[in-house]
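Tertiary structure, described
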Amino acid sequence: MSVRIGDEAPNFKAETTQGPIDFHQWIGEGYAVLFSHPKDFTPVCTTELGYMAKLEPEFKKRNTKVIGLSIDPVDDHKRWAKDIEETQGTAPNYPIIGDADLKISKLYDMLPAEATPGKRTAADNQTVRTVFVVGPDKKVKLVLYYPMTTGRNFDEVLRVLDSIQLTAKYRVATPANWKQGQDVIIAGSVSDDEAKKLFPQGWKSPKPYLRITQQPK
């Protein structure tokens, strides 16, 4: 079964490079980014893990934990970390899950149910390159799937996280290409009378259904 936005993130226990975890307990009261990899010692994933290590402090500022997953044993992850530090300048500073038996990859529908552990090809692994953002309520807030040949844009994940957290707190939505600090859209569920109380600074309304206001502080 597919894991969709709004579903409860499937819970699991796993070994990681920073010790055993229970996923829901590990998330705690904040947010989490789970991003998966098809195999250790692969070129695109090496760049991704290194970049995510550099970006991890930005996620931390947003009360968000980062965790990776690769369908290889934890010991291989630890050896791979040395290559990542050597080539990318930063070793992973977040846990990486070992999923050699593909249990978690299948649980999150990253791989088909008939996938088997052991020797695998790029074609077998192509659907495992995913990103999930999970909220404090343990519900899935974002799902991204990338092709094998395209490195993921983790700056975009950070941008979407800003939007998710803002719109969870205020009755607004964010427009195309929105970035932190830019104008937002008043949610359609808010009447004009409510909007006057919630957004005393007012708004621009080029169309009755499009009400643009300053980002709430």
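Preceding this section is the structure that the text describes.
Residues numbered from 1 in each chain as written. Predicted model: local features only at pLDDT ≥ 70, side-chain atom pairs only at ≥ 80, totals over all residues. Heavy atoms only, no water.

1. Overview of the overall build of the chain
Let me state the cut-off plainly: Secondary structure elements are taken from DSSP: a helix is a run of H or I of four residues or more, a strand is a run of E of two residues or more, and numbering for both begins at the N terminus. Only protein chains enter the calculation, and the probe is 1.4 Å; a residue is then buried if its accessible area is under 20% of its type maximum, exposed if over 50%, and partly exposed in between. Here a residue-residue contact requires only that any non-hydrogen atoms of the pair lie within 4.5 Å. All accessible areas in this document rest on Shrake-Rupley with a 1.4 Å probe, and a residue is counted as covered only by the protein chains that are shown.
Assigned secondary structure in the chain consists of seven helices and 11 strands. Overall, the chain is about 60 × 40 × 30 Å in size when its C-alpha atoms are taken along their principal axes. The buried share of the chain, reckoned over its 217 residues, is 46%. Once local pairs closer than 6 in sequence are excluded, the contacts in the chain between residues at least 24 apart make up 63%. Of the roughly 11400 Å² of accessible surface on the chain, 52% is carried by carbon and sulfur atoms.

2. Some details on the nonpolar core
Quick reminder of the rule: Grouping buried Ala, Val, Leu, Ile, Met, Phe, Trp, Tyr and Cys residues that are joined through side-chain atoms within 4.5 Å yields what is termed a nonpolar core.
In terms of nonpolar packing, the biggest core is built from 25 residues, with Phe 12, Phe 23, Leu 34, Ile 97, Tyr 108 and Phe 132 touching the most fellow members. A total of three residues in this core trace back to one element, the largest contributor, which is helix α1 (residues 23-27). Once you skip the residues sitting within four places of it in the chain, Phe 23 turns out to touch Ala 9, Pro 10, Asn 11, Phe 12, Leu 34, Ile 67, Tyr 108 and Val 134. Counting residues in hydrophobic clusters, the runner-up holds 23 residues, among them Val 66, Ile 96, Val 133 and Phe 154.

3. Observations concerning the sheet that holds strand β10 (residues 204-207)
This is how it is decided: For two strands to be treated as a pair, DSSP must find at least two bridges joining them.
The four strands are arranged β8-β9-β11-β10 in an open sheet whose pairing can be described as antiparallel. Here the strands that pair on one side only, and so sit at the sheet edges, are β8 (172-173) and β10. Sheet analysis places β8 next to strand β9 (residues 184-186), joined by two bridges and oriented antiparallel. The partner of Val 172 across the bridge, within β9, is Ile 186.

4. Here's the deal with the pattern of salt bridges
A pair can form between side chains of opposite charge whenever their charged atoms are brought close. Just so we agree on the cut-off: Salt bridge criterion: a side-chain nitrogen from Lys or Arg within 4 Å of a carboxyl oxygen from Asp or Glu.
Applying the stated criterion across every chain, the model contains 10 salt bridges. Among the salt bridges present, the one from Glu 48 reaches Arg 129, with a minimum N-O distance of 2.5 Å. Of this pair, Glu 48 sits in helix α2 (residues 43-61) while Arg 129 is found in the loop between α5 (122-125) and β6 (130-134), placing the two residues 81 residues apart along the sequence. Judged on exposure class, the residue Glu 48 and its partner Arg 129 are both buried. The shortest N-O distance in the salt bridge between Arg 62 and Glu 58 comes to 3.1 Å. Judged by its relative accessible area of 26%, Glu 58 falls in the partly exposed class.

5. Regarding the pairing of strand β7 (residues 140-145)
Bridge count for β6 against β7 is five bridges, and the pairing is antiparallel. Bridge pairing links Val 133 to Leu 142 in β7. Between β6 and the antiparallel strand that follows it, β7, lie five residues; Lys 138 among them carries a positive phi value of about 70 degrees.

6. Thoughts on the packing of α2 against helix α3 (residues 74-88)
As a reminder of what qualifies: Fitted lines through C-alpha atoms give the axes, limited to the stretch in contact for helices. The angle between two N-to-C directions lies from 0 to 180 degrees. With respect to orientation, any angle under 35 degrees is reported as roughly parallel, any angle over 145 as roughly antiparallel, any angle of 65 to 115 as roughly perpendicular, and every other angle as oblique. Residue classes follow a fixed rule: Ala, Val, Leu, Ile, Met, Phe, Trp, Tyr, Cys and Pro count as nonpolar, while Asp, Glu, Lys and Arg count as charged, and any other residue, Gly among them, counts as polar.
Direction vectors running N to C along α2 and α3 enclose 75 degrees, while the axes themselves pass 9 Å from each other. As far as their axial angle goes, α3 and α2 are roughly perpendicular. Across from Cys 45, Thr 46, Thr 47, Leu 49, Gly 50 and Lys 54 in α2, the residues of α3 making contact are Trp 80, Ile 84, Thr 87 and Gln 88. In the contact of α2 with α3, the residues fall into four nonpolar, five polar and one charged.

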